[in-house]
Structure formats: C-alpha cells, structure tokens
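Residue-level structure breakdown
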Amino acid sequence: MVMIEVTGLTYYYPLSHTPALKEINLQIEAGQFVAVIGANGAGKSTLCLVLSGLIPTLFNGRMLGNVTINSMNTRNHTPGEFAGRVGLVLQNPTNQISEMRYTVFEEVAFGLENLGVSPSEMPERIEHVLRLTGLIDLRDRSPFTLSGGQRQRLALASMLVLDPPVLVLDEPTAMLDPQGSREVFHIIQTLTTKNTTVVITEHNLEWIAQTADRVIALNKGSIVLDGNPEFVLTSPLLETFGIDYLRYTQAARESQIYGLWPSQTPLPVTLEQSVLGFNRVSSIKKGGG
Amino acid sequence: MTLGLYTAGDSWLHRLFPITKLIFSLSAIAIIFGGPNKWLSAILPGVISILILWSAGIAWRALKLIVQLLTPIAVILFIVHGFFGPANHQILMRLGPFVLGQEGLMYASLIVVRLVSTLASSLLLVTSTHPGSLIQALEQTGLSRKLVYLLGSPLLLLPQMARRIQTIRSAQQSRGLETQGNLLQRIKALFPLVAPLVFSALVDVEERSLALEVRGFSAPTPKTNLTEIPDTTKQQVLRWGMIVIAVCFLVFEFWRKRNGYD
Ligand SMILES: Nc1ncnc2c1ncn2[C@@H]1O[C@H](COP(=O)(O)OP(=O)(O)OP(=O)(O)O)[C@@H](O)[C@H]1O
Ligand SMILES: [Mg+2]
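These numbers come from a predicted model, not from an experiment. (Residues numbered from 1 in each chain as written. Chains lettered and ligands numbered in written order. Predicted model: local features only at pLDDT ≥ 70, side-chain atom pairs only at ≥ 80, totals over all residues. Heavy atoms only, no water.)

**Focus on the sheet that holds strand β4 (residues 62-69) of chain A**
Residues and elements named next belong to chain A. In plain terms, the rule: DSSP calls a pair of strands paired once it identifies at least 2 bridges connecting them. Labels follow the DSSP assignment, with helices taken as runs of H or I lasting at least four residues and strands as runs of E lasting at least two, numbered in each case from the N terminus.
With antiparallel pairing, 4 strands are arranged side by side in an open sheet as β2-β1-β4-β5. Since the sheet does not close on itself, it has two edges, and those belong to β2 (21-29) and β5 (72-73), each with one partner. With 6 bridges connecting them, strand β1 (residues 2-12) and β2 associate as antiparallel partners. Residue valine 2 lies in a different strand from β2, and its bridge partner there is glutamate 29.

In structure tokens form, the structure reads like this:
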C-alpha cells in the first residue's frame, strides 16, 4: 500500500525565485523506512514539511503538484486533521516543548489532550513512551530543566505517544552526543517493527546504511539518487552532490585504484561488507601469489 | 525552579483556581485606575495584594521585583513632573535654575503608587501561577484553545525572551561586546543584541507553531484534559463578588464625575 505519494512537486518559499524543491515524484510504501540525505540547503527540511502536510497549508509559498498522505491530499486538509496521522520531530527540541504544561508527564499528555483521547487511557500510553525513551524517572520534572538530549527524547516521546502511522524526523540527533544519538536511533529502530512509515533526514550514514530500506539523495531541491542504501551510498555521483562517503566505502574506493578491492564486488557500506571484501582480496592474492 | 516570574510553592494562593486570581488582578487594576477617591483606590488594591502575597510567603520576591522594575521609572517620573510639571504652582525647593513643584510631585506620586499597585496585583497572579496552569484553567472555562494561546503566549514568550537575551548576551560578551559600562555604551551595545534576538524569535515562533500543529493544537476534535484543575463554588461566588465590586466602583465614579462632584 502506498502511504505517501508526491507527484510533480515544486515548491517556492515566499519571495524566493529559486525553488527549494524541484519536480519531485515519490512514492513511499506503508512501513517503509526512508532516509533523506543531502548537503546543507539541499531541501531536506522542506521535504519534511511537505511530507508532514504542513506545506502548503501553513506556509505562504507557492506549491505546484500534489501530495497525498494516506490518500488525503495535503491541499485539502489542515495540519490539524493530519495530527495523529503524521508525526514530525524537528531539530531544535526546545521549540517543540509546548510551554503550556508543567511536567514532562503532562507535556507528553498535551498531544493526547488535543486529540481528545480519554483521560483514563492516557497514563498507560504516556508511561509506555517515557519508558521507551528513558525519561520515566524525569516524569515530574519541568521540561525546561532537561538537558538538550533529554529534551530531544521528550520531543520524540511527545510524538510517539500519538502513535502516528507516519513519522517524519528532521535531524533528530543533531543536538545529541554519540551516546544520545545511539539511544534515539535505537528508539526509532523499534518503530520499524511496528510497521510505522518513517522518513528521516540524518547525517549519520553508517546508521542509515544499517537501518534504512531506502535512501533518497537531494541536490539543490531535486531527487538525484533513490534506491537501497548500497546503491545510493556507493554511487560515484555522491561526492558531486556534496555528500561524504562512509569511511568503509571511501577506504574501498581508494583501495580500488591500487587493485586492493575485488573488482566484481560492490563497494561496502558496512563494516562486515568491508571486512569480507578485503579478506577476499588478500585470499586471492595469497592464492595467486 | 522558576519559569519566568512564577515561584513554585504550595501555599493557599498557589492552590487557588487560576481564574480566581486572574479576576482579582483585573478587578484590582480596574479599581486602581477607575475607582472613586484616586488615592485610596490606588493604594488599597496594592496593600491588599501585598498582604495576600505575604500570607502566601512570596511577598519578598514580589517586592524585590517591584523595586527593581519601578525604581528607574519612578525617578524619571519624579524628575519630569517634579521639575517640569505643567501644573506646578507651589514651590518646594530651588535647585539652581530648576524649581521643584508640589503639584507635579503629587502627580508623579499618584502615578507611581498606581504602578506599584498594578504590579503588585499582577504579580499576585503571575508569581503564584504556572503559565501552564493559567492556560489550562482558561481552557477549562471553555474558551477556544487558539484564543487561550493568544492570551497566554505573551506570558510564555517572556521567559523565553529572557533566556534568549541571556544567551546572546553572554555570547556577545565573550566576543568582546560591551554589555556593561555607562548608559551610552550599553545602548550602543544593544543593537547587535536586538537584531539576532528579533530574528531568532521569529524563527522560533514559526517552529513552535509547527510543533504545536503536529501535536494537534488545532485538531478539529473535542479536547480532553489529563487532570482538571479544581475549582470550587466558594471561589465562583468570590469571583462574581469581585466583579460586582469592581463594576460598582467604576459606575459610582462615573456617576460622580457626570454630576460634577470633582
Ligand atoms: N523559510 C524559508 N524562507 C525562504 N527560503 C527558505 C526557507 N527555509 C529554507 N529556505 C531555503 O530553501 C532551501 C532548502 O532549505 P532546507 O532548509 O530545506 O535545506 P536542508 O537540506 O534542510 O539544509 P540543512 O542541512 O542546512 O538543514 C535553501 O536554499 C534555503 O535557503
Ligand atoms: Mg534542514
């Protein structure tokens, strides 16, 4: 089943003459885990706003083409109607605190209250996501006393509690240290088992290579590569779009020049693939020599 | 922890239904500026507010805030009206070419007393009520969430602004910009402070509204509440009482003025 469908999408921000997104066509299946990569300004955040139904309704820019989320055209439905059906986590966690609630627990409840969930159902759902995000011990703290990483997890918990079938995440680990990022990655990974459709922009290619079903590379507002992680992350074009290769891929690319990577083997994107490839070269060399 | 002006606590004042405190503040302000007998109307609400704050154990913080905020304004008012008040007639003192007039001084005093009273009665609400509780209480009264947010967001924006000013200030101090020194230096240093402040505030407002939207802030469904803030019949009666008193005072003053009693 197609969950998100984008046809002929071009988007101009107000007062801008160059489109932030250009002629995008895209279909995302329900349950698919899609990573969006690209250099700064490539249009990743804009795509996130489009895929969560906030553009065009909340923005005054000009949008051509159509976007449907779960068969609802984003031109005809307000963000309020998409709430609960599409989640969005932004980069800056502080701006995602409602400031209208007192404690972490109540903050997570805020979305449920807005969507009219029965109060008797709330505590269980809230406790579940607080446990999942490791915030359960902070439930009575004020959201403002949390660290950046804890706030980011709170932003994630506030979205997860709504249990949206589609979750869009725009650099959710940008403000986290490696440990914090790993925790958030782990939480997001649990979503894949729940058949949630996930779209994420993320700079950690290593994690993307391990987790994503599909990677989309953006360059100057256009989709330039779209396929499985092995295909996109090893593409010879990647560097022309200002995206760095994974260190494994880079090592193999450089070694290839000296014949130190087996010619028939695709470039690696994980540690395992890279170990396998280099092993094969050394055994060929040994066997041949 | 404090969020803006709110001081956490568990006094009877903290536990009052926020709307009761809101109505008190609004009635007090109406009387301060529109009640009969200027001086009494200006002083009494302030004194009552301070007494209430004192019984709740948060008077010192409120008084400190009042002094901090109003001292510069008071000094300016006294100078401007004391020396240059248009109604000055009775001369109290001569300072070189300047003359201190009694009428101007009295006028400035009245304004200052009114400001102190206004601030005290507002602080009664603000220092004892978490912005979130006030907002939730407003929601409970059945107002639309958008209207509530519109009313509440200045309250919410203030602490946010204060945090940001602090951040930008320390960033700029570390880059060697003056945030201390004489008045002129400080005013000059204000410009590089204001530009990023305004810009980042705009970006933030946009991002915040996006974040609220995806959490169903304007979802077309009826809202629920995790917990209800308790209200009581007594407080309801009290609220109506305060409204009636304020209206009576205003009507009485209006009637007095119309019939030329001043
Ligand atoms: N509110 C806005 N108004 C006008 N132009 C904007 C706005 N937001 C982004 N743009 C422009 O649109 C283009 C795409 O921006 P976008 O934020 O989507 O890029 P990004 O890939 O998310 O970049 P980054 O990696 O820096 O987050 C950029 O050229 C940017 O300057
Ligand atoms: Mg971005």
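Moving on, there is more to tell.
**So, the site of ligand 1**
Residue and element names in this part refer to chain A. In plain terms, the rule: Being near a molecule or strand, for a residue, comes down to having at least one heavy atom within 4 Å of it. Pairs of N or O atoms within 3.5 Å make up the polar contacts considered here, provided that, within protein, one atom can donate a hydrogen while the other can accept it, and that residues adjacent in sequence are counted only when both atoms are side-chain atoms. Throughout, the ten residues Ala, Val, Leu, Ile, Met, Phe, Trp, Tyr, Cys and Pro are labelled nonpolar, Asp, Glu, Lys and Arg are labelled charged, and all others, Gly among them, are labelled polar.
Close to ligand 1 lie Tyr13, Ala20, Ala39, Asn40, Gly41, Ala42, Gly43, Lys44, Ser45, Thr46 and Glu171, which account for all nearby residues. Here an oxygen atom of ligand 1 sits 2.7 Å away from a polar atom, N or O, in the side chain of serine 45. Taken together, the residues that form the shell around ligand 1 break down as 4 nonpolar, 5 polar and 2 charged.

**Focus: unusual backbone geometry**
Residues and elements named next belong to chain A. Omega for the peptide link from isoleucine 55 to proline 56 comes to 15°, which places this bond in the cis form. A positive phi angle, close to 70°, is found at serine 71, a residue other than glycine. Along the chain, the position of serine 71 falls in the loop between β4 and β5. Not every positive phi belongs to a glycine, and lysine 220 is a case in point at roughly 45°. With respect to the element layout, lysine 220 can be found in the loop between β9 (214-219) and β10 (222-227).

**Details of helix α9 (residues 233-258) of chain B**
All names here are of chain B. Let me state the cut-off plainly: Every helix has an expected span of 1.5 Å times one less than the residues it contains. For every residue, the accessible area obtained with a 1.4 Å probe (protein chains only) is divided by the maximum for its type, and the residue is called buried under 20%, exposed over 50%, and partly exposed between those limits. Here, residues are in contact when the closest pair of their heavy atoms is within 4.5 Å.
With 26 residues, α9 ought to run about 38 Å at 1.5 Å a step, and its terminal C-alpha atoms sit 37 Å apart, in line with that. Those residues of α9 that fall on the buried side of the exposure criterion are Gln235, Arg239, Met242, Ala246, Glu253 and Arg256. Considering only its buried residues, α9 is in contact with α2 (18-34). Two residues or fewer after α9 comes glycine 260, characterised by a positive phi angle close to 70°.

**A word on the packing of helix α4 (residues 59-84) of chain B against helix α5 (residues 102-128) of chain B**
Residues and elements named next belong to chain B. Filter applied, for reference: Orientation is described by axes fitted as lines to C-alpha atoms, over the contacting stretch for helices, and by angles from 0 to 180 degrees between their N-to-C directions. Roughly parallel means an angle under 35 degrees; roughly antiparallel means over 145; roughly perpendicular covers 65 to 115; every other angle is labelled oblique. Handedness of a crossing follows from how the near helix is turned relative to the far one, being left-handed for an anticlockwise turn of less than a right angle and right-handed for a clockwise one.
Look at α4 against α5: their axes get within 9 Å of each other, and the N-to-C directions meet at 160°. It follows from the interaxial angle that α4 and α5 lie roughly antiparallel. In this structure, α4 crosses over α5, and the sense of that crossing is right-handed. In this structure, α4 contributes Ala62, Leu65, Ile66, Leu69, Leu70, Ile73, Ala74, Leu77, Phe78, His81 and Gly82 to the contact, and α5 contributes Gly104, Leu105, Tyr107, Ala108, Ser109, Ile111, Val112, Leu115, Val116, Leu119, Ala120 and Leu123. Residue composition of the contact of α4 with α5, grouped by class: 19 nonpolar, 4 polar and no charged.

**Thoughts on the pattern of salt bridges**
Put simply, the rule is: Salt bridges are defined by distance alone: a side-chain nitrogen of Lys or Arg within 4 Å of a carboxyl oxygen of Asp or Glu.
Inspection of the entire model under this criterion finds 14 salt bridges over all chains. Between A:Arg253 and A:Glu239 there is a salt bridge, with the nearest N and O atoms lying 3.0 Å from each other. Here A:Arg253 is found in helix α9 (residues 247-257), whereas its partner A:Glu239 is found in the loop between α8 (229-233) and α9, with 14 residues between them in sequence. A cluster of three or more residues bridged by salt bridges with shared partners is formed by A:Arg101, A:Glu113 and B:Glu139.

**Brief notes about a nonpolar patch on the surface**
Formally: Each patch is built from residues that are more than 30% exposed by relative accessible area and take part in no salt bridge. Like charges join if they lie within 9 Å; nonpolar side chains (Val, Leu, Ile, Met, Phe, Trp, Tyr) join within 5 Å. Each accessible area is a Shrake-Rupley result for a 1.4 Å probe, and residues are judged covered by the shown protein chains and nothing else.
Together, B:Val75, B:Ile79, B:Phe84, B:Leu92, B:Met93, B:Leu95 and B:Phe98 line one region of the surface with nonpolar side chains, adding up to about 650 Å² of accessible area. Position of B:Leu92 relative to the elements: it lies in strand β1 (residues 91-95).

**A closer look at the interface of chain A and chain B**
Bring the parts together and some accessible area is lost; that lost area is often taken as the interface size. The following threshold applies: Once two parts are joined, some of their accessible surface, as seen by a 1.4 Å probe, is lost; buried area is that loss totalled over both.
Tallying the contact residues gives 43 residues for chain A and 34 residues for chain B. Across the interface of chain A and chain B, roughly 3200 Å² is buried in total on both sides, 59% from carbon and sulfur atoms. The largest share of the area that chain A buries against chain B comes from A:Asn95, A:Glu99 and A:Met100, three residues that together contribute 22% of it. Viewed at the interface, chain B and chain A are joined by 2 salt bridges. In this structure, A:Arg101 engages B:Glu139 in a salt bridge whose closest nitrogen and oxygen atoms are separated by 3.3 Å. Of all the secondary structure elements, the ones that give two or more residues to the side of chain A that touches chain B are α2 (79-82), β6 (86-89), α3 (104-114), α4 (122-132) and α5 (148-160) of chain A. Sort the elements by how many residues they give to the side of chain A that touches chain B and α3(A) lands first, with 10 residues. In terms of residue class, the side of chain A that touches chain B is built from 25 nonpolar, 12 polar and 6 charged.

**Some remarks on α3(A)**
Residues and elements named next belong to chain A. With 10 of 11 residues buried, α3 lies mostly within the body of the structure. Along α3, the residues that are buried comprise Val104, Phe105, Glu107, Val108, Ala109, Phe110, Gly111, Leu112, Glu113 and Asn114. Positive phi shows up at glycine 116, right after α3, with a value of about 75°.

**Overview of the domain arrangement of chain A**
Residues and elements named next belong to chain A. To be explicit about the condition: Residue ranges labeled as domains rest on an automatic or database domain assignment.
Split by domain assignment, chain A resolves into domain 1 (1-85 + 195-236) and domain 2 (245-289). With both sides pooled, the region where domain 1 packs onto domain 2 buries about 770 Å², and carbon together with sulfur makes up 61% of that total. Applying the counting rule to domain 1 against domain 2 returns 1 salt bridge. Residue glutamate 206 pairs with arginine 247 through a salt bridge whose shortest N-O separation is 3.3 Å. Classifying every residue of the side of domain 1 that touches domain 2 by side-chain character gives 5 nonpolar, 3 polar and 2 charged.

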